[in-house]
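Structural overview for review
Now for the letters of each chain:
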Amino acid sequence: MALFAIGDTHLSFGSPKPMDVFGGKWVGYVDKLREGFQCVGPEDTVVLCGDLSWGMSLEEAEQDFAFLDALPGKRKLLLKGNHDYWWNTAAKMNGFFEAHRFQTLKILHNNCYFYGDTALCGTRGWFYEEDEGGHNEKVFRRELLRLETSLKAAGEHEKLCFLHYPPCYEGYTCAEIIALMEQYEVACCCYGHLHGGSHRLAISGQRGSIEYHLISADHLEFRPFLLRA
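1. What about the sheet that holds strand β6 (residues 118-123)?
Here we have six strands laid out as an open sheet, ordered β5-β6-β7-β10-β12-β11, and mixed in their pairing. Here the strands that pair on one side only, and so sit at the sheet edges, are β5 (113-115) and β11 (205-207). In this sheet, adjacent strand axes meet at a mean angle of 30° when their direction is disregarded. By the bridge criterion, four bridges tie strand β10 (residues 186-191) to strand β12 (residues 210-214) in an arrangement that is parallel. When the sheet's bridge partners are listed, C190 is paired in β12 with H213. Its contacts with the sheet put helix α4 (residues 137-153) on β5, β6, β7 (158-163) and β10, and the angle it makes with β6 is roughly 170°.

Set out below in structure tokens:
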């Protein structure tokens, strides 16, 4: 039973936004994902860190969910990304998954899951530089509350944190999110969102008390990152 993480699958079976148009690593990315997931065993857990489907609704994203559900792994924990416009209330998403018999898909949102004695916590996060005129301050504060709710749910267990937005990269630090992770003694943080040339800005490895990993699909060559064997 192993633990993996990957983000930014950007699937588009039900919408006209295939990432192949960007060229480079994204050419044939669906087949690369299918092949990359062969490292995942039938009893393993995979955390999917946002930007999973271009679908604008749950119905439009249905084929993308079916693809993810059919990939190897017993549990796939889904976080919201900035392009996951299909995202809805937990009740509606869980109901949709149940109605369509997607048995491996679980929502990581205002909660946590456990991998053995290790708590898997997370939320989308936010970028200050995307806040023009301060009108997204409320969104950012909600993300802090959601992250703390998730971390509190972990109790005294070891905590791993999963975000879509990076809490830090070269030239940028989200002090509030990092302080919250340090307060709750998070051991490791995985994040996505960065693509292409932005990979060089990523913070990886130990920084302070937290170990960081960029797990965007194109950065990982579309193979889930092994966190625990």
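2. A closer look at the nonpolar core
Ranked by internal contacts, the top residues of the largest apolar core, which has 48 residues, are V47, F65, W86 and F162. No other element matches strand β1 (residues 3-6), which puts four residues into this core. Once residues lying within four places of it in the same chain are set aside, the contact partners of W86 are L52, S53, G55, M56, S57, L58, A61, F65, L78 and M93.

3. As for the pairing of β10
The buried count for β10 comes to five of six residues, which makes it a mostly enclosed element. Summarising the sheet, β7 and β10 pair through four bridges and their orientation is parallel. Paired with C161 across the two strands is C189, which belongs to β10.

4. Examining the pattern of salt bridges
Following the criterion strictly, the structure yields eight salt bridges and no others. Ionic pairing is found between E43 and K74, a salt bridge with its closest N-O pair at 3.5 Å. Of the two residues, E43 sits in the loop between α1 (29-36) and β2 (45-48) while K74 sits in the loop between α2 (62-70) and β3 (75-78), which places them 31 residues apart along the sequence. For E43, a relative accessible area of 45% translates into the label partly exposed. In this structure, E137 and R141 form a salt bridge, with 2.7 Å as the shortest nitrogen-oxygen distance. Here the residue E137 and the residue R141 both occupy positions in helix α4, the gap between them amounting to four residues, near one helical turn. Taking the relative accessible area as the measure of exposure, E137 reaches 29% and is therefore partly exposed.

5. What about the packing of aromatic side chains?
A ring pair, where both rings are aromatic, is described by two values, the distance of the centres and the angle of the planes. Applying the stated criterion across every chain, the model contains eleven aromatic pairs. Between W126 and Y165, the ring centres sit 5.8 Å apart and the planes meet at 80°, which makes this aromatic pair edge-to-face. Separated by 39 residues along the polypeptide, W126 in the loop between β6 and α4 and Y165 in the loop between β7 and β8 (168-169) bring together distant segments of the chain. Grouping aromatic residues by their ring pairs yields a cluster made of F65, W86, W87, F96, F97 and F102.

Criteria and thresholds
Residues numbered from 1 in each chain as written. Predicted model: local features only at pLDDT ≥ 70, side-chain atom pairs only at ≥ 80, totals over all residues. Heavy atoms only, no water. Pairing = 2+ DSSP bridges. Helix = DSSP H or I, 4+ residues; strand = E, 2+ residues; numbered from the N terminus. Axes fitted to C-alpha atoms, helices over the stretch in contact; angles between N-to-C directions. Contact = heavy atoms within 4.5 Å. Core = buried A, V, L, I, M, F, W, Y, C linked by side-chain atoms within 4.5 Å. Buried < 20%, exposed > 50% of the residue type's maximum accessible area, 1.4 Å probe, protein only. Salt bridge = Lys/Arg side-chain N within 4 Å of Asp/Glu carboxyl O. Phe/Tyr/Trp six-rings, centres within 6.5 Å; stacked < 30°, edge-to-face > 60°.

Remember, this is a structural readout, not a statement about activity or role.
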